[in-house]
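# Notes for the structure review
Below are the chains, spelled out letter by letter.
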Amino acid sequence: MKSLLIATTNPAKFEEANFVLQSSGLRILGLKDFPTVPVEETGATFEENAILKAKAYFDQTKTPCIADDGGLMIDHLHGAPGVHSKRWVKASSFDGKSSEPCNSTCERKGFPRVSPRGRNGHDASDQELADAVIDKMKGVPQEQRTAKLGGFIIFYDGIHLLKSECWLHGYIAENLIGEIVPGFPYRPLLMIPQFNKPYSNLTEEEHDKVNFRRKNLEVLRPKILEILSSTVSDR
């Protein structure tokens, strides 16, 4: 039986990917099945981070794998939080005017560097991430609150690199609507116009229609199976 590694430390993301792939005839593995070293997300874009992780975890495990990266991009904030979707809450670390990584590029523009820590020097919680968006969008009229949530999924087996990109478009609510699902801090903030409700309150059927991660996986699934079916059986 061929193996496929879902290279994520997020349990909810693992379950989503496993749901799509579990009927594929593949042995689905997680990072817990290997003695891996965490991969730092140093890319300047979601695509770069997803590729970086897919290649790094393949190199560590020698197992074909998929990895993803994505997040929320708000038009009024010029694409922020963007690639910093999980690490932008420290007020002194990001000014909300650029979706670029705040490294030397941002420093040249006069922006401070991004810290991977929260406002008190600790890892940012889901609540802090959501609160940061609410705070930065205070007073912004609805027509300027447009945003998109999504990203890339990459497959890599040492030879082939496949990618898929998908985005869900909506607008930012003024306050949290519904509960935050651990690992998905922005879902109660992104209103989905076609359903007139936040992502977090979608029914299972509605969620299936707009789930960008599932759509990415469904695009890649037949291509992955074709590639793996032509390789020598593994573990």
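In what follows, the structure referred to is the one given above.
What comes next concerns the included structure. (Residues numbered from 1 in each chain as written. Predicted model: local features only at pLDDT ≥ 70, side-chain atom pairs only at ≥ 80, totals over all residues. Heavy atoms only, no water.)

## Some remarks on the overall build of the protein
Summing up its helical and strand segments, the protein has six helices and seven strands in all. For the protein, the succession of helices and strands along the chain, N to C, is β-α-β-α-β-α-α-β-β-β-β-α-α. In the protein, which comprises 235 residues, the share counted as buried stands at 50%. The contacts in the protein between residues at least 6 apart in sequence include a share of 58% that link residues at least 24 apart. Element-wise, carbon and sulfur atoms account for 51% of the exposed surface of the protein, whose accessible area totals about 11500 Å². (Helix = DSSP H or I, 4+ residues; strand = E, 2+ residues; numbered from the N terminus. Buried < 20%, exposed > 50% of the residue type's maximum accessible area, 1.4 Å probe, protein only. Contact = heavy atoms within 4.5 Å. Areas by Shrake-Rupley, 256 points an atom, 1.4 Å probe, with all protein chains shown as cover.)

## Examining the pattern of salt bridges
Counted by the stated rule, this structure contains 11 salt bridges. Ionic pairing is found between Lys 53 and Glu 41, a salt bridge with its closest N-O pair at 3.0 Å. Of this pair, Lys 53 sits in helix H2 (residues 46-61) while Glu 41 is found in the loop between strand S2 (27-30) and H2, placing the two residues 12 residues apart along the sequence. Take Glu 41: its relative accessible area is 23%, and that puts it in the partly exposed class. Ionic pairing is found between Lys 138 and Asp 135, a salt bridge with its closest N-O pair at 3.9 Å. With a relative accessible area of 64%, Lys 138 lands in the exposed category. Overall, the relative accessible area of 49% leaves Asp 135 in the partly exposed class. Via salt bridges that share partners, Lys 13, Glu 16, Asp 68, Arg 187 and Arg 213 belong to a single interconnected network. (Salt bridge = Lys/Arg side-chain N within 4 Å of Asp/Glu carboxyl O.)

## Observations regarding the pairing of strand S4 (residues 146-156)
Extensive coverage of S4 is indicated by the burial of nine of its 11 residues. Both strand S3 (residues 65-74) and S4 contribute to a ladder of 10 bridges, which runs antiparallel. Residue Gly 70 lies in a different strand from S4, and its bridge partner there is Gly 151. The sheet contact formed by S4 and strand S5 (residues 161-172) spans 11 bridges and is antiparallel. Note on S5: the bridge partner recorded for Gly 150 is Trp 167. From the end of S4 to the start of S5, which pair antiparallel, there are four residues, and Gly 158 there has a positive phi angle of about 95°. (Pairing = 2+ DSSP bridges.)

## Some words on the nonpolar core
Grouped together as the largest cluster of nonpolar side chains are 24 residues, with contacts concentrated most on Leu 72, Ile 74, Val 133, Ile 172 and Leu 190. For this core, the secondary structure elements donating two or more residues are S3, helix H4 (126-136), S4, S5 and strand S6 (190-192). Of the residues forming this core, the biggest block, four residues, is contributed by H4. Non-local contacts of Ile 172, meaning those with residues more than four positions away in its chain, are made with Leu 72, Ile 74, Val 133, Met 137, Arg 145, Ala 147, Leu 189 and Leu 190. By size, the runner-up hydrophobic cluster in this structure holds 18 residues, among which are Leu 5, Ala 54, Cys 65 and Ala 67. (Core = buried A, V, L, I, M, F, W, Y, C linked by side-chain atoms within 4.5 Å.)

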